[in-house]
Structure formats: structure tokens, C-alpha cells
Amino acid sequence: MNNAASSHIRSLLVVSLACTSAFSKAQDSLRLSISLFNQSTAIPYTRFFTTPVHPGIQVAAELDLNERPRGRAFTGAHLGYFFHNHLAQGFYIGADLGYETRTTIGISFAGMLGLGYLRTYATKPEFILQNGIYQQERDRGNGRIMPSLSLETGYYLRPDRHSSQFFIRYQSWLEYPYSPGFIELMSHISLHVGVRFSIRRNTATQ
Amino acid sequence: MMRQGFILCLFLCALSACEKGETLDPGFYACTFTAADSSADHPAHTNFMDLLQAITHDGAPGVLMSVNDPVNGEWSGAAGMADLFNQVPMKPCNISRLGSTVKTFTAATILLLQEEGKLDLDDRIADYLSGEPIERLENADQATIRQCLQHSSGIRNYIASAQFQTASLNDLIRVWRPEDLLAYAYDRPADFAPGSDVRYSNTPYILLGMLIEHIEGMPFYKVFEEKLFTPLGLTSIRFAAEDNVPDGIVRGYVDLYSNLNVIESTYYSGWDYFTADGGLIGNPKDLGRFLRALTNAEVISAASLAEMTTWRAPSEVDDSFFPIQYGLGLFRMETPWGEAWFHSGDAIGYYACMTYFPAEGTSIAWGVNGNYGSIDEATQTRPAMERIFDTVFP
């Protein structure tokens, strides 16, 4: 990824995190989530769970933009890592915008759009051509844009809006650029299983 | 606390994630067949070695090449590395993956079976095979054996499926069976009606391998051994099904991100271990020997060779390459140095090409232990081939 694009993404993340921080001052609670996931290269919606398992972990923070009895719009930021066997490991950071609707029996459905920055590193020795000779060098990684679309279903343990929630998330995402002039982008899916919970602030409203 | 735990987890993951290179003694790459020749005395030896050095300088980890012409005889050479991690130089006698060059062997075997009266090229392949492949591959019930050989069956190429490509990347060391691969072409529209055009497709060659097994009652690669490898003395040639990663095979490398930063991929080629569309292993010298014998009608009859070299041009022209025409398991290209018959092949981390210039009686075969991304520009594009042909025919 060129420097301009990389700079653009970083700027976007800074703005996103700043907004999240600003919102947090106006909110009485922050929702945190942690999920374990199985990452794969796949065409979205043609596969659900794939093998071999390429494990990953993600933590995220969310703030409600507005909240109604049966739904909420939210924004958030996430940080994650995955390990794709024999190929690459990736560290990523990004921002999300989503909407969740909740039924009277505690089942929820959500959709999220995300945009992030991914940095991947080879999981085995990398050899770099220098002056016509391949030499083993430390992998400095490859930067990518990481747009994503996630569909999620969950279950709230209690009726109140601060209840903890278990969820399953089907995330489709792109790795771009992947291999310029060869494979322009790579399609991935990540199947998350996680838990979301609220951290209440000690305010007068509580 | 949660943040600390997460960071710790990340570090543990990252620390445990790195695979070490496989330590191999240089003796691992000792040649298992005789390759003694007088290459050093060949009048073009220096030029050829300069060519190989240029190919490796431009991104091929290692390269093997064999040139044979009626005047100067055989020349074999190598440059670069057989193993980057262990810093083992490539030797002219090393073996590499030869990928789809096997399709010419498949076609020659089918033509031999026709000569033996066991089939007719104009029979439908469905006359011999049945079940899911015939029922679920569009056009498979109508396509003739000849159309399968000439890529004119219209049967969809499983390798072109984005689902297959992502699935193979997802499980890089999976060993695929024919039915696993065929599934990626099942229930997909054919590219065109049988016989109405030509377009490269691996899928019919899986069927042709099954056809050979159906007729001969043994694995197709055993038939290759009996009819081709052994009679022609192709001592370096073998098929991956018998030993997926044989001792001595040079390490393969991929430039997955088009930046000439490569990783090893020796164990990534499991999709072509058991099908007749790929999976060949050997030395380019034997590829050249096979192609010369084939085109001199020493393998198949002159009549069969005439069928094999009845060319057909595709409706879609690739302007970035030489004009090509399709034969039966063989291609014809028009180059500034004259007409050439050829077949090339990729495996993951490997590339090979065998060419024969009938007017000159010259064969050129080369193998590279690297591909994809920017490596291909030095080894298999039109400019890469022009550099090779220009050196051989100065």
C-alpha cells in the first residue's frame, strides 16, 4: 500500500477513535467485546465454517449513537490478530458502524460495516531479492486496507440494556491491495464467537 | 487487566507463529540420475550461462535449462539456488515440479491407446466414464475425447473458480483428490458448446486421466511409466502421486505479493498430485528428450502426430503473448524465430516449459523453482521467452 493510502487510513482511524472518545464522554456505558474467530480465505456466503482452523482474536469497544427499546445504532473500534497457517499472520485495527435490533426474548441481529488497517507478516522465513540475489531478511510486513461487512446474531442474558450478550458473527472482508498485477484483492471470512458486556460509568443517571 | 491479557495473548501468538526453515544437508540434493554431458564444451555455453544468470538476477530463485540442436547436441545448465534457506546452489541434474507439461504425456498416452485400438478420439468420453463427473460437468456428456484433449470441450476450468483459488490458499498443504477438484466445476455453465471454440481447461484432463485408468485398469501415472517414462529412458521423470515431495526435489518459492519477497512453497502443490492435468516431477533435460522423441514420431505414430498437431486458433487472442494455436496436449506459437511447439506448466512455486522448433530441430526446456507475482516476468512472459529464444538463436 502506498504511503498516501496508508496515511489516509491512519487518519481515518484517528478520527474514528477521537469520535469514539468524544461519544464516550456523553454516554453512560461503554460496550466491550472479545471474540475468538476462525479466519479463512473464501468467497463470502459460500462457506460458513472452514478447516483448517486459522485462529484469531479480536477486542472491540462500542458506543451507542442512539438507542431505542428494540434497536441501537453504534460505532466502535476494534483491534485483532489472526494466524493463517503456512501463510501469514495479521495484526489489524479498525472502526465500525453498525445497527442492532433486539427481540423481546433477547435474541439480537446486527449488521456492521468496518474499515481498518491490516499488517501481515509471513509465518516462515522470507527471502528478498537484493541486487539479483535472494537474501533472508526480517519481514517488515505488508500494509493493507481491510473493508468488512459483518452479520451477527446474539443473545442477551438479561432483559436490561446493559446485559451481557453472547454472539456469533459472520464477517466478510477484503485484503487490498493483495498482489498488485497478479491478485488485486483477497477475499476472507472470519467466523467469530464472542461475548459483549457493558462497563457502566458511575454517573448520576445510574 | 483485560488489555494486558490481550497484549500477552498477541505476543504468545506471534512468538509461536513463526515456522523455521527446514534444515537440509546439501547431500539431500544429490542427483539420482546420470546427467554427465559435454555442456561446458558447447559453443554457446557462456551465452547460455549468462542467460540463466540474468533470469535469476531478475527474480527466479533458481533455473534449470536444457537445449538440444542437431548441430551442437545437448547443453544443460543451472543457475541460482535450489534451496535459499540452506544456500544450496542449483545443479543441472536437479529435479523440479513440471506442472501441466504432463498434459502432453496424457495426450501421447491417449493417442497410443487409440493406436492400440482401445479407443477412438472421436468417441464421447461419456462412452467410457459415468457417474457424477459426467452428470454434473456441463458438456461432459457430449464432449469427445479429441475435444477434451484440444481444450474444445467447453467444460469449465476448475482452477478458474474463485472458490477453488481461495480454498487452495486456505489449506495450502491439503492433498486434493480428483473428485475434490472436479466439484469446483460441477453445475457450472460450460464456456461454449463442444467443438465451437478452444479455451484452456484443466478439468477435461482430469477426465482423461480417469479414462486412461478405466481402459488400462491401473493408475494413469503407472501407464505413463510403462508407455513413456521407461521406454524413453526418462530417468528423472516421475509423477507426484508416487511420492508427493520426493527426496532431492528443489525447494519451491512464491512471490505471492508481487514484490520479489518470496516464501518457500515446496509443500503447497497438493492439488495436482493425483490428476492428469499436473503433478509431473523431473528435470527439463528429460522434458526436451520427450518432446524431441514425440515430435520425431518415436513415441506415437506419424499419423497420431499429425492428429496431435492439427492446430486450432482460439477466438480470444492474448495480445501479451505470441499468437498460439491449440493441438492435442500441445500448443503452437508463432515467434520471430519461427514456429514452435510447446507446453508449459505451473505448480505452486514452480514453473516449467518445453519448446520444440521443428524447422531447426531444436528443443529448449527450462524449469524454475519460483513463480507468481513478479517472478513470472523473468520466466514465462513473452519478453522472458524472447530473451531465451534470442540467446539460443542469436
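Residues numbered from 1 in each chain as written. Chains lettered and ligands numbered in written order. Predicted model: local features only at pLDDT ≥ 70, side-chain atom pairs only at ≥ 80, totals over all residues. Heavy atoms only, no water.

## Some details on the overall build of chain B
Looking only at helices and strands, one finds 13 helices and 14 strands in chain B. At 21 Å, chain B has a C-alpha radius of gyration in line with the 21 Å of a compact globule built from 394 residues. Considering only C-alpha atoms, chain B reaches an extent of 70 × 60 × 40 Å along its principal axes. Residue burial in chain B is summarised as follows: out of 394 residues, 61% are buried. A separation threshold of at least 6 residues defines the contact pool for chain B, and within that pool the share at least 24 residues apart is 68%. (Helix = DSSP H or I, 4+ residues; strand = E, 2+ residues; numbered from the N terminus. Rg over C-alpha atoms; globule rule 2.2 N^0.38 Å. Buried < 20%, exposed > 50% of the residue type's maximum accessible area, 1.4 Å probe, protein only. Contact = heavy atoms within 4.5 Å.)

## Considerations on the pairing of strand β10 (residues 331-335) of chain B
Residues and elements named next belong to chain B. With four of five residues buried, β10 is to be regarded as a mostly interior element. Where strand β9 (residues 324-326) meets β10, three bridges bridge the pair, whose relative direction is antiparallel. Residue pairing across strands places Ile 324 opposite Met 333, the latter belonging to β10. Counted between consecutive antiparallel strands, the loop separating β9 from β10 contains four residues, among which Gly 329 sits at a positive phi close to 70 degrees. Two strands pair when backbone bridges link them, and β10 and strand β11 (residues 338-347) are joined in this way by five bridges, in the antiparallel orientation. Residue pairing across strands places Thr 335 opposite Gly 338, the latter belonging to β11. Taking the residues that link successive antiparallel strands as the turn, the β10-β11 hairpin has two residues. (Pairing = 2+ DSSP bridges.)

## Observations concerning the environment of Ile 125 of chain B
Residues and elements named next belong to chain B. In this structure, Ile 125 sits in the loop between α3 (102-115) and α4 (132-136). The class for Ile 125 is buried, based on a relative accessible area of 0%. Excluding anything up to four places from it in sequence, Ile 125 contacts Ile 134, Ala 140, Ala 143, Thr 144, Ile 145, Cys 148, Leu 207, Leu 208 and Leu 211.

## Re helix α8 (residues 203-216) of chain B
An α-helical turn contains 3.6 residues, so a residue and the one three or four places further along point in the same direction. Residues and elements named next belong to chain B. In this model, α8 (14 residues) spans 20 Å end to end at C-alpha, consistent with the 20 Å of a helix rising 1.5 Å per residue. Burial analysis of α8 places eleven of its 14 residues in the buried class, the great majority of the element. All of the buried residues in α8 are Thr 203, Pro 204, Tyr 205, Ile 206, Leu 207, Leu 208, Gly 209, Leu 211, Ile 212, Ile 215 and Glu 216. Its buried side turned inward, α8 meets α3, α4, α5 (145-149), α7 (178-182) and α9 (220-229). (Expected span 1.5 Å × (residues − 1).)

## Considering the confidence of the model for chain A
For chain A, the average pLDDT comes to 88, and 83% of its residues sit at 70 or higher. The model gives residues 1-5 of chain A a pLDDT under 50, and that stretch makes six contacts with residues more than four places away or in other chains. (pLDDT = per-residue confidence, 0-100.)

## With respect to the pattern of salt bridges
Counting across every chain of the model gives 30 salt bridges over all chains. With a shortest N-O distance of 3.1 Å, Lys 118 of chain B and Glu 116 of chain B are connected by a salt bridge. One salt-bridge network, in which partners are shared between bridges, spans Arg 31, Glu 62, Asp 64, Arg 72, Glu 100, Glu 152, Arg 169 and Arg 196 of chain A. (Salt bridge = Lys/Arg side-chain N within 4 Å of Asp/Glu carboxyl O.)

## Focus: the sheet that holds strand β12 (residues 350-357) of chain B
Residue and element names in this part refer to chain B. Across the sheet, eight strands lie side by side as β3-β2-β1-β13-β12-β11-β10-β9; this open sheet has antiparallel pairing. Of all strands in the sheet, those bounded by a partner on one side alone are β3 (88-89) and β9. The strands touched by helix α2 (residues 45-57) within the sheet are β1 (62-69) and β2 (73-83), with β2 carrying the most contacts at an inclination of about 30 degrees. (Axes fitted to C-alpha atoms, helices over the stretch in contact; angles between N-to-C directions.)

## Thoughts on the interface of chain A and chain B
Each partner contributes to the interface: chain A provides 49 residues, whereas chain B provides 44 residues. Taken over both partners, the interface formed by chain A and chain B buries close to 3,700 Å², and the fraction arising from carbon and sulfur atoms is 63%. Of all residues in chain A, His 86, Phe 127 and Tyr 134 of chain A give up the largest surface area on contact with chain B, accounting jointly for 19% of the area buried on that side. For the pair chain A and chain B, the interface holds zero salt bridges. Applying the counting criterion to the chain A and chain B interface returns 15 residue pairs in polar contact (both at pLDDT 80 or more). For the side of chain A that touches chain B, the per-class residue count stands at 23 nonpolar, 22 polar and four charged. Across two bridges, strand β6 (residues 126-130) of chain A lies against strand β7 (residues 261-264) of chain B in antiparallel orientation. Of the residues in β7 of chain B, the one forming a bridge with Phe 127 of chain A is Val 262 of chain B. (Buried area = accessible area lost by both parts, 1.4 Å probe. Polar contact = N/O pair within 3.5 Å; in protein donor to acceptor, adjacent residues only side chain to side chain. Nonpolar A, V, L, I, M, F, W, Y, C, P; charged D, E, K, R; others polar.)

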